[in-house]
Structures are given as C-alpha cells and as structure tokens.
Amino acid sequence: MPEQIPVFQNISSKFNQEIIIDDRVLEINIAWNSRAEAWYMTITDEDDVTPGIKLVPRWLLLRQYRSYLPNVDGDFIVAKQDVSLGDDITYENLNQGYNLLYLTPEESEQWED
C-alpha cells in the first residue's frame, strides 16, 4: 500500500522536510510557484538532487528524473483522494484532497500497467 508523505502547505508556500524511505533519508523541498500556479518538488539524498519536479496528478514523478536519484528505487505520485475536487492541484488542495504518496518499485510497475 502506498505510503502517504505528510505535506504542510497550510504553514507556508515553501517548506522542507526529511522523510525516511527504504532506510534512506531524503530531504523534500516543496514550493508553490505563483507564476506557473503549480507546486514543485525537489528531492535530495546524501549524493544526489533532482531539479524542480512539477506536481501533477496521477503521474509517476520520478519517471523522467530517475538518473538524478539512482539510489531511490520507488516513485512518488500525487493522488486525488477527494472526488469532489477539480482536476488540478491548487495552492489550497495539496494535502487537502490531493496527497503525495510514495510507491514501492512493485507498486510503480503496477501503476504503469
């Protein structure tokens, strides 16, 4: 079952947090880009860092950035948990109906099928 990553967008439009995934410490930076009207995420481990990844629903976020984080086996996805919401992730609805999830490699493969 996918692991929900806590997101604290109600505190600020930019925040950092450390999470432990597969016994690895990852630093996640999530920031709202008001010009693009979108959330962006940067992930850092002890060796590598991704560029800003736009959070889009129902899309494996590390798919095209795998070379930036070769030590992370799974993937992240933003899933809509509240069916009453629109199709876009907004400033207000991240973690309030759209949730950031971590998928294991097996769950990622199933998602792609």
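Residues numbered from 1 in each chain as written. Predicted model: local features only at pLDDT ≥ 70, side-chain atom pairs only at ≥ 80, totals over all residues. Heavy atoms only, no water.

### Let's talk about the overall build of the protein
In terms of helices and strands, the protein carries one helix and seven strands. Of the regular secondary structure in the protein, the N- to C-terminal order runs β-β-β-β-β-β-β-α. On the principal axes, the C-alpha backbone points of the protein span a range of 35 × 30 × 20 Å. Of the contacts made within the protein by residues no fewer than 6 positions apart, 37% connect residues no fewer than 24 positions apart. A total of about 6,600 Å² of accessible surface is found on the protein, and carbon and sulfur atoms cover 46% of it. For the protein, the distance from the average site of its 8 positive side-chain charges to the average site of its 21 negative ones is 9 Å. (Helix = DSSP H or I, 4+ residues; strand = E, 2+ residues; numbered from the N terminus. Contact = heavy atoms within 4.5 Å. Areas by Shrake-Rupley, 256 points an atom, 1.4 Å probe, with all protein chains shown as cover. Lys, Arg positive; Asp, Glu negative; His and termini not counted. Charge placed at Lys NZ, Arg CZ, Asp CG, Glu CD.)

### Describing a negative patch on the surface
On the surface, a cluster of negative charge is made up of E3, D22, D23 and D73. You can see D23 is positioned in the loop between β2 (14-21) and β3 (24-33). (Patch = residues over 30% accessible without salt bridge, like charges linked within 9 Å, V, L, I, M, F, W, Y side chains within 5 Å. Salt bridge = Lys/Arg side-chain N within 4 Å of Asp/Glu carboxyl O.)

### A look at unusual backbone geometry
Positive phi is not limited to glycine here, since D23 has a value of about 65°. With a phi close to 60°, R58 is a non-glycine residue in the positive phi region. Here R58 lies in the loop between β5 (53-54) and β6 (75-80). Accessibility expressed as a relative area gives 44% for R58, which makes it partly exposed. (Buried < 20%, exposed > 50% of the residue type's maximum accessible area, 1.4 Å probe, protein only.)

### Focus on the sheet that holds strand β4 (residues 38-44)
If you trace the four strands from one edge of the open sheet to the other, you get β2-β3-β4-β5, paired in antiparallel fashion. Where the open sheet ends on each side, the last strands, each with one partner, are β2 and β5. Pairing of β2 with β3 involves eight bridges; the strand directions are antiparallel. For Q17, the partnering residue across the bridge sits in β3 and is I28. (Pairing = 2+ DSSP bridges.)

### Some thoughts on the sheet that holds strand β7 (residues 98-103)
Here we have three strands laid out as an open sheet, ordered β1-β7-β6, and antiparallel in their pairing. Two strands lie at the open edges of the sheet, namely β1 (3-5) and β6, each paired on one side alone. Each strand axis lies, on average, 40° off the axis of its neighbour in the sheet, ignoring direction. Inspection of the sheet shows β6 paired to β7 by six bridges, in the antiparallel sense. If you follow D75 over to β7, its bridge partner there is L103. (Axes fitted to C-alpha atoms, helices over the stretch in contact; angles between N-to-C directions.)

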